Amino acid sequence: GAALFGLALEKEYATASEHVIGTLGVEADYLRDNAVTGTVEPFYNISPDFDELKYFYDIHTFLLQATAKLTKQQLFYDLGGYAGVGLGVAVNRLSDYREYSSAAPMLSPFGNKDTINPSLSAGLGLTYKMGRFTRISLGYRFFYTGEARLKKSPVQQSNKSIALSPISYHFLMLGLSV
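Within each chain, residues carry numbers counting from 1 in the order of the written sequence. Residues qualify for local features only when their pLDDT is at least 70, as the model is predicted, and side-chain atom pairs are given and counted only at 80 or more; totals for whole chains, interfaces and linings, by contrast, use all residues. As a rule here, side-chain values cover all heavy atoms of the structure and leave hydrogens and water aside.

**Student:** Quick question: what am I supposed to make of the overall build of the protein here?
**Tutor:** Summing up its helical and strand segments, the protein has 0 helices and 7 strands in all. Moving toward the C terminus, one meets the helices and strands of the protein in the order β-β-β-β-β-β-β. For the radius of gyration, the atom set is restricted to C-alpha positions; the globular benchmark scales as 2.2 Å times the number of residues to the power 0.38. Here the C-alpha atoms of the protein give a radius of gyration of 22 Å, more than 25% beyond the 16 Å that 2.2 N^0.38 yields for 178 residues. Principal-axis analysis of the C-alpha atoms places the extent of the protein at approximately 70 × 25 × 20 Å. The burial tally for the protein puts 29% of its 178 residues in the buried class. We call two residues in contact whenever any of their non-hydrogen atoms come within 4.5 Å of each other. When contacts within the protein are restricted to residue pairs at least 6 apart in sequence, long-range pairs at least 24 apart make up 66% of them. Per-residue accessibility takes into account occlusion by the displayed protein chains alone, with areas from the Shrake-Rupley method and a 1.4 Å probe. Working note: accessible area of the protein is about 11400 Å², and carbon and sulfur atoms make up 62% of it. The numbering of helices and of strands both runs from the N terminus, where a helix is a DSSP run of H or I of at least 4 residues and a strand a run of E of at least 2. Each residue gets one of three labels from its accessible area relative to the maximum for its type: buried under 20%, exposed over 50%, partly exposed in between, using a 1.4 Å probe on protein chains only.

Structure representation (structure tokens):
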């Protein structure tokens, strides 16, 4: 399953409306999707020694983003709403590739590789004011972190590596602002 840990430093700014707060900040996040799996089924009658191949690998993503957010306070008493975006850089690391089949195992698997990409995020949510400077929030967040690859195997004869479709994450987030 996927996991997220992050830390943000933000500065709030007044806007033209007394009930809307603008926020600019910087955020560092670590996202992990461990044990991504897949199965390769053989074509019929290619080899009697091969029935299927199962593979596994982990995805680690490190993000550094500049963020902007607008918070509308007092939608309903102390309940407010927010919308935010982020733009920055992501490092996607594919690692720990393993595969298993009924044929011979892969003795020299694909290596770990870091891929650096532009990243973006967007989110919406609700906030609840608990005190003068303290709020909790619950919201949805989308992260786009770009492509990722594995290094080629040492015994591989071609120069091609395994590449994923661009990576994105969807999270339900709980936050605390103090």
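**Student:** Even after reading the chapter, I still don't get the packing of aromatic side chains, so can you show me in this structure?
**Tutor:** Two rings from Phe, Tyr or Trp (for Trp, the six-membered ring) form a pair when their centres sit within 6.5 Å of each other. Planes less than 30 degrees apart are called stacked, planes more than 60 degrees apart edge-to-face, and all others tilted. This model, assessed by the stated rule, comprises 7 aromatic pairs. With centroids separated by 6.4 Å and ring planes inclined at 15°, the aromatic side chains of Tyr 55 and Tyr 97 adopt a geometry described as stacked. Note that Tyr 55 is positioned in strand β3 (residues 53-76) and Tyr 97 in strand β4 (residues 79-101), a separation of 42 residues in sequence. Arranged with centres 6.0 Å apart and planes meeting at 20°, the rings of Tyr 169 and Phe 171 form a pair that is stacked. Its relative accessible area of 5% is what places Tyr 169 among the buried residues. On the basis of relative accessibility, which here comes to 11%, the residue Phe 171 falls in the buried class. An aromatic cluster is built from Tyr 55, Tyr 57, Tyr 97 and Phe 110, whose rings are joined through pairwise contacts. One residue, Lys 11, lies across the ring of Tyr 13, its end atom 6.0 Å from the ring centre. In this structure, Lys 69 packs its charged tip against the face of Tyr 82, placed 5.2 Å from the ring centre. The rule for a charge over a ring is simple: NZ of Lys or CZ of Arg within 6 Å of the ring centre, and within 35 degrees of the ring normal.

**Student:** Can you walk me through the environment of Ala 16 in this structure?
**Tutor:** Structurally, the position occupied by Ala 16 is in the loop between β1 (2-14) and β2 (20-40). Between the alpha carbons of Ala 16 and Lys 129 there is a distance of 20 Å; along the sequence they are 113 residues apart.

**Student:** Before we go on, may I ask you to explain the side chain of Asp 58 in this structure?
**Tutor:** Residue placement: Asp 58 occurs in strand β3. Residue Asp 58 is classed as buried on the basis of its relative accessible area, which comes to 6%. Two N or O atoms count as a polar contact when they lie within 3.5 Å, although within protein this holds only if one can serve as hydrogen donor and the other as acceptor, and sequence-adjacent residues are included solely when both atoms are side-chain atoms. Within the local environment of Asp 58, its side chain forms a polar contact with the side chain of Arg 32, the two groups lying 3.4 Å apart. Residues in contact with Asp 58, not counting those within four places in the same chain, are Arg 32, Asp 33, Asn 34, Ala 35, Arg 93, Leu 94, Ser 95, Asp 96 and Arg 98.

**Student:** What is the right way to read the pattern of salt bridges from this model?
**Tutor:** Close approach of charged atoms allows side chains with opposite charge to pair. Each reported salt bridge corresponds to a side-chain nitrogen of Lys or Arg within 4 Å of a carboxyl oxygen of Asp or Glu. Tallying each qualifying case throughout the model produces 6 salt bridges. In this structure, Glu 12 and Arg 135 form a salt bridge, with 2.4 Å as the shortest nitrogen-oxygen distance. Residue Glu 12 is located in strand β1, and its partner Arg 135 is located in strand β6 (residues 135-146); the two are separated by 123 residues in the primary sequence. For Glu 12, a relative accessible area of 39% puts it in the partly exposed group. Between Asp 114 and Arg 93 there is a salt bridge, with the nearest N and O atoms lying 2.6 Å from each other. Residue Asp 114 is located in strand β5 (residues 113-129), and its partner Arg 93 is located in strand β4; the two are separated by 21 residues in the primary sequence. Owing to a relative accessible area of 32%, Arg 93 belongs among the partly exposed residues under this scheme.

**Student:** Sorry, what's going on with the pairing of β5 here?
**Tutor:** Here is the key point about a regular strand: its side chains alternate between the two faces of the sheet. Bridge analysis of β4 against β5 gives 16 bridges, and the strand direction is antiparallel. Counted as the bridge partner of Tyr 82 is Gly 125 from β5. Bridging between β5 and β6 involves 10 bridges; their strand directions are antiparallel. If you follow Thr 127 over to β6, its bridge partner there is Ser 137. The criterion for strand pairing is that DSSP finds at least two bridges linking the strands in question.

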